[in-house]
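Each chain, letter by letter, is given below.
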Amino acid sequence: MSDAMIRVPAEVRDRLAVIAESRGTSIRSLVQEFAETTLTDEERRERAERTRAYLAEHFGVEVSDGESAAMGRKLRDAFAGQQGAAV
């Protein structure tokens, strides 16, 4: 695998170094993990559709767009609250 240079402001590089050190890894590994585990918008939509189909097929539960949006908001609020409590 060939390496590529990614230019970021010094503050971002320094922050990545602190995060990587706290996890016992390198900036390279941290960025690689991020790239491998972060879904694109299209991948998230596909995953949501597969989940809806699974719920309908195996549990007889039809999830509407409104219900899905409401649950997304609840999850975002819960994660935001959790992150706020950790600070």
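Heads up: these notes are all about the structure in this document. (Residues numbered from 1 in each chain as written. Predicted model: local features only at pLDDT ≥ 70, side-chain atom pairs only at ≥ 80, totals over all residues. Heavy atoms only, no water.)

### Remarks on the environment of Val63
So, point 1. Structurally, the position occupied by Val63 is in the loop between helix H3 (41–59) and helix H4 (65–86).
So, point 2. When the C-alpha atoms of Val63 and Ala53 are compared, they prove to be 9.2 Å apart, with 10 residues separating the residues in sequence.
So, point 3. When neighbours within four sequence positions are excluded, Val63 is seen to be in contact with Arg52, Leu55 and Ser68. (Helix = DSSP H or I, 4+ residues; strand = E, 2+ residues; numbered from the N terminus. Contact = heavy atoms within 4.5 Å.)

### With respect to the pattern of salt bridges
So, point 1. The full count for this structure, using the stated rule, is six salt bridges.
So, point 2. Across the salt bridge formed by Asp3 and Arg28, the nearest N and O atoms sit 3.1 Å from each other. Taken as a pair, Asp3 in the segment before helix H1 (10–22) and Arg28 in helix H2 (residues 27–37) lie far apart in primary sequence, 25 residues in all.
So, point 3. By relative accessible area, Asp3 is classed as exposed at 57%. (Salt bridge = Lys/Arg side-chain N within 4 Å of Asp/Glu carboxyl O. Buried < 20%, exposed > 50% of the residue type's maximum accessible area, 1.4 Å probe, protein only.)

No statement about biological role is implied by the geometric values presented.
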